[in-house]
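# A structural walkthrough
Letter by letter, the chains look like this.
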Amino acid sequence: MNASVSSLEPVGAMAGTAAAPITIGKLGPFAVSLDGTLEPNDPEIAPRFGFRWRGRRVAARMLAGWQVEFDVIAAHVPFTAESTSARPRVLAAVAALRDGLPPGWRLRLAPDHSVHLETVAPLGGPATATKLVTAATTFVLALAPCLDLLDDEGARAA
């Protein structure tokens, strides 16, 4: 951040607006308020961010109502030419995952044979960095057994 403690001035469109929270800087797609809450830099565009975990890229997108959506390509089902023995095992694992996912999770098998896992997590109030990290950590901890199953059955890493 470029703001110092001695120069906490409103930034951008929020400057001079009495009802708007004081913005002390920017953090990626977010404007950071004095109290630590995060608001989109552009109110017309939902902020997105991502991170890598266990070799997979996790995509996150802020939604209205203090929620964050997570999407990860958990694995790829091997083609028959790659592994005739692993393919049916991985497809069986995908079917088992679909039946045993945590509540609110979705599994999608894309045409390119990528296995997507998606969910929406509530933040429990206005977004802060702490709430986003907590939601992301909760997501990846619940994701771990899904990745273990797919990896154990011979799925290709995403």
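## Quick word on the confidence of the model for the chain
Scored by pLDDT, the chain comes out at a mean of 86, with 87% of its residues at no less than 70. In the predicted structure, residues 1–18 sits below a pLDDT of 50 and forms 16 contacts with residues beyond four places in sequence or in another chain.

## Some words on the nonpolar core
Val68, Phe70, Leu117, Phe139, Leu143 and Leu150 are the most contacted members of the largest nonpolar core, which has 35 residues in total. Among the elements that make up this core, the one with the highest residue count is helix α2 (residues 129–152) (nine residues). With sequence-adjacent residues up to four places away left out, leucine 150 is seen in contact with Ala74, Ala75, Ala93, Val94, Leu97, Val115 and Ala155.

## Quick notes on the packing of aromatic side chains
Here the structure, examined in full by the defined rule, presents three aromatic pairs. Each ring, one from phenylalanine 70 and one from phenylalanine 139, has its centre 4.9 Å from the other, and the planes form 10°; the classification is stacked. Placement of phenylalanine 70 in strand β6 (residues 67–76) and of phenylalanine 139 in helix α2 is noted, with a sequence separation of 69 residues between them. For the pair formed by phenylalanine 70 and phenylalanine 139, the shared burial category is buried. Aromatic rings pair up to connect Phe70, Trp105 and Phe139 into one cluster.

## Looking at the environment of aspartate 151
Take aspartate 151: it is sitting in helix α2. With a relative accessible area of 32%, aspartate 151 lands in the partly exposed category. For aspartate 151 and valine 90, which are 61 residues apart along the polypeptide, the C-alpha to C-alpha distance reads 8.6 Å.

Calculation rules
- Residues numbered from 1 in each chain as written.
- Predicted model: local features only at pLDDT ≥ 70, side-chain atom pairs only at ≥ 80, totals over all residues.
- Heavy atoms only, no water.
- pLDDT = per-residue confidence, 0-100.
- Contact = heavy atoms within 4.5 Å.
- Core = buried A, V, L, I, M, F, W, Y, C linked by side-chain atoms within 4.5 Å.
- Buried < 20%, exposed > 50% of the residue type's maximum accessible area, 1.4 Å probe, protein only.
- Helix = DSSP H or I, 4+ residues; strand = E, 2+ residues; numbered from the N terminus.
- Phe/Tyr/Trp six-rings, centres within 6.5 Å; stacked < 30°, edge-to-face > 60°.

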